[in-house]
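The chain contents come next:
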Amino acid sequence: MTNIQIGVVMGSSSDWDTMQHAVQILQQFGIAHEARVVSAHRMPDDMFAYAEAAVGRGLRAIIAGAGGAAHLPGMLAAKTTVPILGVPVASKHLSGVDSLHSIVQMPKGIPVATFAIGAAGAANAALFAVAMLAGDHPTLRKQLEAYRAHQTEVARGMTVPPAL
């Protein structure tokens with residue numbers, strides 16, 4: 001699926017601990033992707049250029065991780081029509097709640113899909129991107145169905161200790 005592109009961007013390299021979970025899912029499904037730092041605060045011109053070129057470069061979605069002030073997903077959404085999937089990255093002081101609130105409160109006309117804080121949110125954003133792409137690709141849809149069926153089987157096999 002080399003013609004399908006998903007961008008995975010983050011505000012700093014310290015966000016990689018969270019965002020690598022999105023990349024792992026994309027790799028598992030064979031989705032062509034790129035991962036890079038595009039800081040809304042430190043390199044706004046680069047961030048705008050990235051967003052403005054996204055359609056022309058064939059990106060179908062951008063998974064944007066952001067901690068702290070969490071401007072990245074909203075700023076990207078303001079400059080492109082490519083769907084933005086926002087992942088709040090846990091911060092030192094507020095555990096990512098500040099990032100979640102910032103991403104989820106976009107003004108009307110600046111849509112950003114918002115996911116859970118941290119690794120689960122990054123993985124789910126990637127799975128959401130896979131689901132978006134699967135509608136046009138039967139093979140990818142079958143892979144996603146198999147992935148979800150496997151998750152169900154794992155959950156059915158889980159045991160809990162007996163009550164005392």
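Coordinates for the structure precede this section.
This is a predicted model, so every value here is computed, not measured.

### Things to note about the overall build of the protein
Part 1 of the argument: Of the regular secondary structure elements, the protein holds six helices and five strands.
Part 2 of the argument: For the protein, the succession of helices and strands along the chain, N to C, is β-α-β-α-β-α-β-α-β-α-α.
Part 3 of the argument: On C-alpha atoms alone, the protein measures out to a radius of gyration of 17 Å, which is about the 15 Å that the 2.2 N^0.38 rule sets for 164 residues.
Part 4 of the argument: Viewed in the frame of its principal axes, the protein has a C-alpha envelope of about 55 × 40 × 30 Å.
Part 5 of the argument: A burial count over the protein gives 42% of its 164 residues as buried.
Part 6 of the argument: Counting contacts in the protein only where the partners sit at least 6 residues apart, residues at least 24 apart contribute 66% of the total.

### Things to note about the sheet that holds strand S1 (residues 5-10)
Part 1 of the argument: As summarised here, the arrangement of the five strands in space is S2-S1-S3-S4-S5, forming an open sheet in which the pairing is parallel. In this open sheet, the two strands that pair with only one neighbour each are strand S2 (33-37) and strand S5 (113-114).
Part 2 of the argument: As defined by bridge partners, strand S4 (residues 84-88) adjoins S5 across two bridges and the pair is classed as parallel. Within the sheet, the bridge partner assigned to Leu85 lies in S5 and is Ala113.
Part 3 of the argument: The strands that helix H1 (residues 16-28) touches are S1, S2, strand S3 (59-66) and S4; relative to S1, the one it contacts most, it runs at about 170 degrees.
Part 4 of the argument: Along the sheet, helix H3 (residues 72-79) makes contact with S1, S3 and S4, crossing S3 at roughly 150 degrees.

### Section: the packing of aromatic side chains
Working definition: an aromatic ring pair is given by the centre-to-centre distance plus the angle between the planes.
Part 1 of the argument: With the rule as written, the count across this model stands at two aromatic pairs.
Part 2 of the argument: Ring geometry for Phe115 versus Phe128: centroids 5.5 Å apart, planes at 65 degrees, classification edge-to-face. Of this pair, Phe115 sits in the loop between S5 and helix H5 (119-134) while Phe128 sits in helix H5, and the two are 13 residues apart along the sequence.
Part 3 of the argument: On the accessibility criterion, Phe115 (13% relative accessible area) is buried.
Part 4 of the argument: Across the ring face of Phe48, the terminal group of Lys79 is positioned such that the distance to the ring centre comes to 5.0 Å.

### Concerning the environment of Ile62
Part 1 of the argument: Structurally, the position occupied by Ile62 is in strand S3.
Part 2 of the argument: It is 10 Å that separates the C-alpha atoms of Ile62 and Ala113, two residues lying 51 residues apart in sequence.
Part 3 of the argument: When neighbours within four sequence positions are excluded, Ile62 is seen to be in contact with Gly7, Val9, Tyr50, Ala54, Leu76, Val82, Pro83, Ile84 and Leu85.

### What about the environment of Ile117?
Part 1 of the argument: Tracing the backbone shows Ile117 in the loop between S5 and H5.
Part 2 of the argument: Placed 88 residues apart in sequence, Ile117 and Phe29 show a C-alpha to C-alpha distance of 23 Å.
Part 3 of the argument: The residues contacting Ile117, other than those within four sequence positions of it, are Pro88, Ala90, Ser95, Gly96, Val97 and Leu100.

### A look at the side chain of Ser12
Part 1 of the argument: Within the secondary structure layout, Ser12 lies in the loop between S1 and H1.
Part 2 of the argument: Looking at Ser12, the relative accessible area reads 18%, which means it is buried.
Part 3 of the argument: Among the polar contacts listed, one links the side chain of Ser12 to the side chain of Ser14, at a separation of 2.7 Å.

### Regarding helix H6 (residues 138-157)
Part 1 of the argument: Taking 1.5 Å per residue, 20 residues should reach 28 Å; H6 reaches 29 Å between its end C-alpha atoms and fits that length.
Part 2 of the argument: Listed in full, the buried residues belonging to H6 are Leu140, Leu144 and Tyr147. Each buried residue of H6 sits inside an arc of 55 degrees when the element is viewed along its axis, so together they form one side. Facing away from the buried side of H6 by over 90 degrees, the exposed positions are Thr139, Lys142, Arg156 and Gly157.
Part 3 of the argument: Packing partners of the buried residues in H6 comprise H1 and H5.

The rules behind these values
Residues numbered from 1 in each chain as written. Predicted model: local features only at pLDDT ≥ 70, side-chain atom pairs only at ≥ 80, totals over all residues. Heavy atoms only, no water. Helix = DSSP H or I, 4+ residues; strand = E, 2+ residues; numbered from the N terminus. Rg over C-alpha atoms; globule rule 2.2 N^0.38 Å. Buried < 20%, exposed > 50% of the residue type's maximum accessible area, 1.4 Å probe, protein only. Contact = heavy atoms within 4.5 Å. Pairing = 2+ DSSP bridges. Axes fitted to C-alpha atoms, helices over the stretch in contact; angles between N-to-C directions. Phe/Tyr/Trp six-rings, centres within 6.5 Å; stacked < 30°, edge-to-face > 60°. Lys NZ or Arg CZ within 6 Å of the ring centre and 35° of its normal. Polar contact = N/O pair within 3.5 Å; in protein donor to acceptor, adjacent residues only side chain to side chain. Expected span 1.5 Å × (residues − 1). Arc of directions from axis to C-beta.

Nothing here speaks to function; it is all geometry.
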